[in-house]
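A structural walkthrough
Residue-level listing of the chains:
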Amino acid sequence: MMHTVCLVPGDGIGPEVTTAARAVIDASGADIEWVPLPAGATAEQLLGRTLPERTLTAITAHGVALKGPITTPIGGGFESVNVRLRKKLNLYAAVRPVRSLPGIESRFSNVDLVIIRENTEGLYSGLENEVVDGVMQSLKIVTAAASKRIAKFAFDYAVARGRKKVTCFHKANIMKKTDGLFLECARRMYQSYADRVQYEEMIIDNGCMQLVRDPSQFDMLLLENLYGDIVSDLAAGLVGGLGVVPGANFGDDCAVFEPVHGSAPNIARKGLANPLACIMSGVMMLNHLGATEKASRIRNAYDSVLGERDLSLLTPDIGGRGTTQSFADAIIRAMK
Ligand code: NAI
């Protein structure tokens with residue numbers, strides 16, 4: 001069955017990793033019609049807009065996109081395109097599976113975690129102002145509706161995938177109202193799932209310590225927006241870095257698949273970017289589209305390339321001497 005997928009290359013290493021992912025997905029035999037679309041700093045330079053209307057319209061119409069990272073200027077400049085995209089398309093749930101991979105040397109070999117991040121609220125509301133000279137404030141928005149929605153998503157995901165336990169990280173000891181509401185909604189939602197899944201809560205500072213000490217004690221994590229952002233990168237560090245962790249953003253009508261990593265300007269256009277996180281995001285996308293056999297083909301292929309550990313093929317972030325292209329080509333060869 002043919003699927004139409006929007007392809008947003010993004011900025012920095014985005015074009016390199018999305019080109020590699022597209023080549024691997026096409027080589028799997030998946031029947032995809034790609035619709036390339038602009039967004040980000042590159043789009044601003046070319047078209048004068050960071051998020052052109054036609055990009056939003058096409059993703060809404062087709063319902064699925066594979067997206068590269070987009071640069072967000074620090075301390076000024078344009079508002080995050082990622083945040084706008086997630087809000088405009090109501091992509092309220094970010095799903096980030098973090099698992100140990102064969103052949104990648106990292107601190108742990110037994111990590112198998114799924115991070116569920118609320119994607120539309122919290123400090124990402126971007127509501128900031130100067131109260132008086134020298135005093136800034138940033139509003140942390142937490143609503144019952146969004147907190148219930150993400151808790152339901154997490155428990156439904158756990159049940160559907162046969163996951164055992166959801167741990168909610170929070171700071172409700174200090175942010176009694178905002179994190180308190182998030183926690184209360186998770187607790188209440190859990191009542192409808194208590195016969196099928198375990199649930200626990202952890203103050204986030206302890207949670208981070210526990211994660212780096214023994215990640216195998218966790219199965220799924222449920223977090224508000226900013227905590228989810230930070231803990232995703234922390235968790236990536238447990239399994240080999242940002243080059244190997246995929247992601248997906250789900251709404252009720254749309255899904256945008258993208259690696260957890262950013263545009264990595266320090267390695268852009270050098271052929272050094274690890275394409276695996278984007279390829280793995282493509283695998284999540286194929287599963288979402290029901291092309292599960294193609295998804296398994298790609299997954300088996302990259303597991304086998306990683307397992308062989310031919311350093312001339314792998315990218316430097318995971319100990320290799322190869323390039324984005326050599327790694328993607330090896331995965332394509334492994335599928336033949
Ligand atoms: P980053 O994730 O781009 O890079 C952090 C470190 O990881 C760098 O050393 C980079 O070289 C390395 N890295 C990242 N992806 C890699 C890959 N595929 N292969 C090998 N190494 C990789 O984070 P940073 O530097 O904090 O942010 C750069 C820009 O990306 C910023 O403008 C930020 O706003 C944006 N960003 C965009 C995201 C998105 O579009 N979803 C997510 C995170 C950041």
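Above this note sits the structure.
Here's what I pulled together on the structure shown here. (Residues numbered from 1 in each chain as written. Predicted model: local features only at pLDDT ≥ 70, side-chain atom pairs only at ≥ 80, totals over all residues. Heavy atoms only, no water.)

As for the overall build of the chain
Keep this limit in mind: A run of H or I in DSSP becomes a helix once it reaches four residues, and a run of E becomes a strand once it reaches two; helices and strands are each numbered from the N terminus. The atom set for the radius of gyration is the C-alpha atoms, and the globule formula is 2.2 Å times the number of residues raised to the power 0.38. Exposure categories follow from relative accessible area, calculated using a 1.4 Å probe and restricted to protein chains: below 20% of the type maximum is buried, above 50% is exposed, and the middle band is partly exposed. Contacts: residue pairs with any heavy atoms within 4.5 Å of one another. Areas reported as accessible are Shrake-Rupley estimates using a 1.4 Å probe. Residue values count occlusion only from the protein chains shown.
Secondary structure summary: the chain contains 11 helices and 12 strands in total. For the chain, whose C-alpha radius of gyration is 20 Å, the value lies close to the compact-globule estimate of 20 Å for 336 residues. Over its C-alpha atoms, taken along the principal directions, the chain stretches across nearly 55 × 50 × 40 Å. Relative to its full complement of 336 residues, the chain shows a buried share of 55%. In the chain, of all internal contacts separated by at least 6 residues, the share reaching a separation of at least 24 is 71%. Carbon together with sulfur atoms contributes 53% to the accessible area of the chain, which is approximately 14700 Å² in total.

Side note on the site of the ligand
For clarity, the threshold we go by: Only heavy atoms are used to decide nearness, and a residue is near a molecule or strand if one of them lies within 4 Å of it. The term polar contact refers here to a pair of N or O atoms within 3.5 Å; inside protein, the definition further demands a hydrogen-donor-capable atom paired with an acceptor-capable atom, and it admits residues adjacent in sequence only when both atoms are side-chain atoms.
Close to the ligand lie 22 residues, the nearest being I70, T72, N82, G262 and A264. In this structure, an oxygen atom belonging to the ligand sits 3.5 Å away from a side-chain N or O atom of K67. In isolation the ligand exposes 810 Å². Once the protein is present, 70% of that is buried.

As for the sheet that holds strand β12 (residues 255-257)
Condition: Should DSSP find at least two bridges between two strands, the strands are regarded as paired. Every axis in this analysis is a line fitted to C-alpha atoms, fitted for helices over the stretch in contact. Angles between the N-to-C directions lie between 0 and 180 degrees.
Judged by pairing direction, the sheet is mixed, and its 10 strands sit side by side in the order β2-β1-β3-β12-β11-β4-β5-β10-β8-β9 without closing on themselves. Unpaired on one side and paired on the other, β2 (32-36) and β9 (198-203) mark the two borders of the sheet. Each neighbouring strand pair of the sheet contributes to a mean axis angle of 25°, computed without reference to strand direction. When strand β11 (residues 248-250) meets β12, the two strands line up antiparallel, connected through three bridges. Looking across to β12, one finds that N249 is bridged to V256. Its contacts with the sheet put helix α6 (residues 178-190) on β5 (112-118), β8 (165-170), β9 and β10 (220-223), and the angle it makes with β9 is roughly 165°. Helix-sheet contacts for helix α8 (residues 225-239) involve β4 (93-99), β5, β8 and β10, and the interaxial angle to β5 is about 160°.

Digging into the pattern of salt bridges
Threshold: For salt bridges, the criterion is a side-chain nitrogen of Lys or Arg within 4 Å of an Asp or Glu carboxyl oxygen.
Scanning the entire structure with this criterion turns up 17 salt bridges. The shortest N-O distance in the salt bridge between E258 and R86 comes to 3.0 Å. Highlighted residues: E258 in the loop between β12 and α9 (276-289) and R86 in helix α4 (residues 81-88), separated in sequence by 172 residues. Neither residue differs from the other here; E258 and R86 are each classed as buried. A salt bridge links D219 to R163, with the nearest nitrogen and oxygen atoms 2.6 Å apart. In this pair, D219 is assigned in the loop between α7 (204-213) and β10 and R163 in the loop between α5 (144-161) and β8, connecting sequence segments 56 residues apart.

Thoughts on helix α11 (residues 324-334)
Residues of α11 that are buried include every one of T324, S326, F327, A328, A330, I331 and I332, and no others. Looking at the buried positions of α11, the neighbouring elements they touch are α1 (14-27), α9 and α10 (292-308).

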